[in-house]
Amino acid sequence: MTAPVTLLTETAPLIQLEGVHRIYGEGDSTVRALDGVDLEIGRGEFVMVMGSSGSGKSTCMNLLGCLDTPSAGTYRFLGVDVGQLSRDSLALLRRHYLGFVFQSFNLLARTSAVENVELPLVYRGTGARKRREAAIRALDLVGLGARLEHTPAQLSGGQQQRVAIARAIVTEPMVLFADEPTGNLDTETTHEVMELLRGLNRDRGITIAMVTHEDELTKFASRVVTFRDGKVLSDVRKEPPA
Amino acid sequence: MILWSTIVLALAAIRRNAGRSLLTALGVVIGVGSVIAMVNLGQAAGQQVTANIQAMGPNLLFVRPGMTAAAGGTRGESIPFKPEDVEAIATGVEGVVVAPGATTTTTVAYGNLNATTTITGTTNEYFEVRNLEVAAGRAFEEREIANGAPVCILGQTVVTNVYASKEPLGTTLRISATSCQVIGVLASKGSNMGQDQDDTIVMPMRAVQRRLTGKKDIATIYVSALEDGTSARVKADIIAMLRERRALREEEADDFDVRDMAEVAATLESTSATMTALLGAIAAVSLLVGGIGIMNIMLVSVTERTREIGVRLAIGARAREILLQFLVEAVVLSVFGGLVGVTLGIVGTWIMVTQLGMPFVVSTQMVLAAFGVSAAVGVVFGYLPARKAARLDPIAALRHE
């Protein structure tokens, strides 16, 4: 499979936002969800995005995840101006470089764990056998190697989220976007999932951007970005844990 | 993404919703099934008509005195034929066999059983013209024809009704007030278009004229063209000859009627073809309704699976891949419906033709067309829901509750 966007330079900064605005609606009902955001995320970072609801953090995540494009300003992913890309080019960018984990897992119902994990590879055109092997590896990595044929209904919330994480990393993405991945989980499973994400970041070098509003989770991150009223309020880098 | 994996995905999605998929396809099942059954049934009926006419003798022509306009706007029967007319056709028209027919309906009795049947007074040519076979006994002798001897040949139904299990040959049958010697029995011809062809008695013409009707009239002249395809020419020759014999002026209409069975067959066949087309068209409407059913459920399915579509978009599915997925699902559903419909249609046809005693016909073109049409139904009615799915915004789709 050839790279979807030939202009990508793998040596360029991973993520660069410059003066990004995102405006919804027109006229009087205009909502400025993002109001001039500058942000740069480098390889290997574990960024936690925080802020109250309506602060623009989700809008920012959607932009970073190439699900949306800026109204004004530029977003460069590996040097490419994402705002200039077509819908299909954005899809190919996501397919080859990004992974997603959602608050509500979003696994396909009545579909086995291994088939769920295989899904992104189907769109990549990977052959059936290679697909199965990669999916099993990914499920092994999240500790669900023994539950390949379980359907989401037969798995606990924590297990479902692990399957979702396996689905996100099966393509070996450069960046993993997680939108409140622990929002539907209890304290214990939250901890397990966070450990899993930290491991993926540390051992496999996957850059992670995660939205949360649980302060106690910031200890897992290398950097915490807080939003308020569509602007970056604070951007705190922590010393790497010893 | 290649088409094959899309089909596999579609099959997986259909299997996950097996019950609903079956209900979705039901409309197409019924549509295709009824088209197949109706058209096959229509063709079976057409073939039966053809077979019946074949059995009657495809080159047969009936010549009957027609109706003429009489004074006061009433219509009267025109002059009946005379034996001379029969003679004239037999000698004057090329390549024909001719038999006269003086008929009457009366009661016949043997022992304590009796029945009412049709008596035809004719000559030995009648058997050839009408495609009849004397199964037991013998045909008439020349002498019996010439004298109008009281001898008769019975159809199978008369034998059953009047003789029960007794042997009819050599017995004396009472026909109206006359006694008549049974010299033969006809082979059974079965019923044709609701008419029992075996409910008949054949006698020499003069015997019927003198002993039963008391008139020299000939009700029908039966003509058989010896060569296939000459019946139209024979018909024209007979009309020309009879007009001359009956001294009709140029401007006068025929006062007799020549019915060419080949012509009748063509008419009936075209009628049955029209009926088949009509039934097929009505059934096609139900196929249309089936297609709308698929569209309906696919629209519901797209709404229900909005989140799934959101996930697929997020992990990098392009619009065309989502479109293809839902389109393929619709086509797979309707082709599956077509498959079941064809099977049910053929089974239904078989049951109906067996009940109605018609030949079993399966039109291969119809089966192929049904498949083609059901696939087309899937594409046409699947397109709108698929487009709706493909146009979803990934963020909105992921947030959908």
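Residues numbered from 1 in each chain as written. Chains lettered and ligands numbered in written order. Predicted model: local features only at pLDDT ≥ 70, side-chain atom pairs only at ≥ 80, totals over all residues.

S.K.: Explain the overall build of chain A to me, please; I cannot follow it from the model alone.
M.R.: Scanning chain A from N- to C-terminus turns up six helices and ten strands. Whereas a compact globule of 242 residues would reach a radius of gyration of roughly 18 Å, chain A reaches 18 Å, a difference of no more than 12%. Counting only C-alpha atoms, chain A reaches 50 × 40 × 40 Å along its principal axes. Taking all 242 residues of chain A together, the buried fraction comes to 46%. Within chain A, contacts between residues separated by at least 24 positions form 70% of all contacts whose residues are at least 6 apart in sequence. (Helix = DSSP H or I, 4+ residues; strand = E, 2+ residues; numbered from the N terminus. Rg over C-alpha atoms; globule rule 2.2 N^0.38 Å. Buried ≥ 20, exposed ≤ 12 C-beta atoms within 10 Å, placed from the backbone. Contact = placed C-beta atoms within 7 Å.)

S.K.: Quick question: what am I supposed to make of the interface of chain A and chain B here?
M.R.: How big an interface is tends to be stated in terms of accessible area lost as the parts join. Taken residue by residue, the interface counts 20 residues in chain A and 19 residues in chain B. Counting residues per element, the side of chain A that touches chain B draws most heavily on helix α2 (residues 87-97) of chain A, which supplies six residues. In the side of chain A that touches chain B, the residues fall into ten nonpolar, four polar and six charged. (Nonpolar A, V, L, I, M, F, W, Y, C, P; charged D, E, K, R; others polar.)

S.K.: What's the story with the confidence of the model for chain B in this structure? I'm lost.
M.R.: The predicted structure's coordinates, where accompanied by low pLDDT, should not be read in detail. In the predicted model, chain B carries a mean pLDDT of 87, and the fraction of residues at 70 or more is 96%. Interface confidence for the predicted complex, given as ipTM, is 0.92, next to a pTM of 0.74. (pLDDT = per-residue confidence, 0-100.)

S.K.: Whenever I open this one, the environment of leucine 200 of chain A confuses me. Can you help?
M.R.: Residue and element names in this part refer to chain A. Looking at the element boundaries, leucine 200 is found in helix α6 (residues 187-204). The exposure class of leucine 200 is buried, given the 21 C-beta atoms found within 10 Å. With 24 residues separating them in the primary sequence, leucine 200 and leucine 176 have C-alpha atoms 9.6 Å apart. Beyond its immediate stretch of four places on either side in the chain, leucine 200 contacts Ile169, Leu176 and Ile206.

S.K.: Teacher, can you tell me more about α6 of chain A here?
M.R.: Residue and element names in this part refer to chain A. In a regular helix each residue adds 1.5 Å, so 18 residues correspond to 26 Å; α6 covers 25 Å between its end C-alpha atoms and thus fits that length. What α6 keeps buried is the set Thr190, Val193, Met194, Leu196, Leu197, Leu200 and Asn201. Taken end-on, α6 shows its buried residues confined to a sector of 155°, consistent with a single buried face. Residues of α6 that are exposed and angled more than 90 degrees away from the buried face: Thr187, Glu188, Glu195 and Asp203. Each element contacted by the buried residues of α6 is listed here: β3 (46-50), α5 (157-169), β7 (175-179) and β8 (207-211). Of the residues flanking the end of α6, it is glycine 205, one or two places downstream, whose phi is positive at about 70°. (Expected span 1.5 Å × (residues − 1). Arc of directions from axis to C-beta.)

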